[in-house]
Structures are given as structure tokens and as C-alpha cells.
Amino acid sequence: MTSRRNDLQEDTNFRVMQLLQENPDLTQRELAKKLGVSVGGLNYCLKALMEKGLVKMQNFTHSKNKFGYVYVLTPRGIAEKAKLTSNFLKRKMEEYESLKAEIEALTIEVNKPK
């Protein structure tokens, strides 16, 4: 069983990789805003993903980013994102089932004759 902290880190990595795959020339500021995290927190996450070889920075002259670079997933990063997607979906389905059971129990409680 993984810890809540590990799940949150994995979710953040998944969301960063998902956004980068969809739009690699987002700036760190834009990524941070979309994710609801600080630029410093995002920078830390990106550096960790780059150190693991999952994301790399490439020069790209047509990038809207004023520094002329894009973040791209490496082949290893694409494989890791697939694994993270599966884990994310599994956790969200478990959360959904738990919430559904809680809602059913509360509905029964509220509708009990008094």
C-alpha cells in the first residue's frame, strides 16, 4: 500500500506529464497555474522528472516560450505516463466507489422515518 504523500506525488507527476504531452511548449508559469501549484513546486517536479529521464527540455525555435524551449516526454516518460495513468484511474475508481457507498448510506440515514 502506498502512502498518501506518494499518491499525491504520483498524481502531480501524472498531471504534469499529461499536460506536457498535450502542449509541450507551456511555460513553467502556465503549467503551474493549470495545476494549481507554485512555480517553485512545479520547477522541483520538472527537475525530478528530468533527472529520472522521463522529460527532457529541447530547443525549439517556433516555441511561444520566450526562451525557445519545449518540454517533451522521452520514450521512457511515455511508458511511465501509461503506468501512472493506470494507477491514477485505479485510485479514482476506488475513490468513486467509496464515495458512492457513503452517499448511499447517508441517503438511507436522511430518509429514515423519524
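Scroll up a little and you will see the structure.
Residues numbered from 1 in each chain as written. Predicted model: local features only at pLDDT ≥ 70, side-chain atom pairs only at ≥ 80, totals over all residues. Heavy atoms only, no water.

Asks: So what's going on with the nonpolar core? Residues and values would help.
Replies: If you look at the biggest cluster of nonpolar residues, it comprises 19 residues, and the most contacted ones within it are Val16, Leu20, Leu31, Leu46 and Leu49. The set of elements that each furnish at least two residues to this core consists of helix 1 (4-22), helix 2 (28-35), helix 3 (39-51), strand 2 (69-73) and helix 4 (75-111). Per element, the largest residue contribution to this core is five residues, and it comes from helix 1. Discounting chain neighbours no more than four positions away, the residues touching leucine 46 are Val16, Leu20, Gln28, Leu31 and Tyr71. (Core = buried A, V, L, I, M, F, W, Y, C linked by side-chain atoms within 4.5 Å. Buried < 20%, exposed > 50% of the residue type's maximum accessible area, 1.4 Å probe, protein only. Helix = DSSP H or I, 4+ residues; strand = E, 2+ residues; numbered from the N terminus. Contact = heavy atoms within 4.5 Å.)

Asks: Lay out the packing of helix 1 against helix 4 with the relevant residues and their values.
Replies: For the pair helix 1 and helix 4, the least separation of the axes is 9 Å and the interaxial angle reads 125°. Considering the angle they form, helix 1 stands oblique to helix 4. In the packing of helix 1 onto helix 4, the handedness of the crossing is left-handed. Along the contact surface, helix 1 presents Asp7, Glu10, Asp11, Asn13, Phe14, Arg15, Met17, Gln18 and Gln21, while helix 4 presents Gly77, Ile78, Glu80, Lys81, Leu84, Thr85, Asn87, Phe88, Arg91 and Lys92. (Axes fitted to C-alpha atoms, helices over the stretch in contact; angles between N-to-C directions. Parallel < 35°, antiparallel > 145°, perpendicular 65-115°, else oblique. Left-handed = near helix turned anticlockwise from the far one by under 90°.)

Asks: How would you summarise helix 3 if you had to cite specific residues and measurements?
Replies: With 13 residues, helix 3 should cover 18 Å at 1.5 Å per step; its first-to-last C-alpha distance of 18 Å lies within 8% of that length. Taken as a whole, helix 3 has its buried residues at Leu42, Cys45, Leu46 and Leu49. Within helix 3, the buried residues cover an arc of 100° as seen down the axis, which keeps them to one side. Of the exposed residues in helix 3, the ones pointing more than 90 degrees away from its buried face are Tyr44 and Glu51. Buried positions along helix 3 lie against helix 1, helix 2, strand 1 (55-59) and strand 2. Two residues or fewer past helix 3, glycine 53 is found with a positive phi of approximately 80°. (Expected span 1.5 Å × (residues − 1). Arc of directions from axis to C-beta.)

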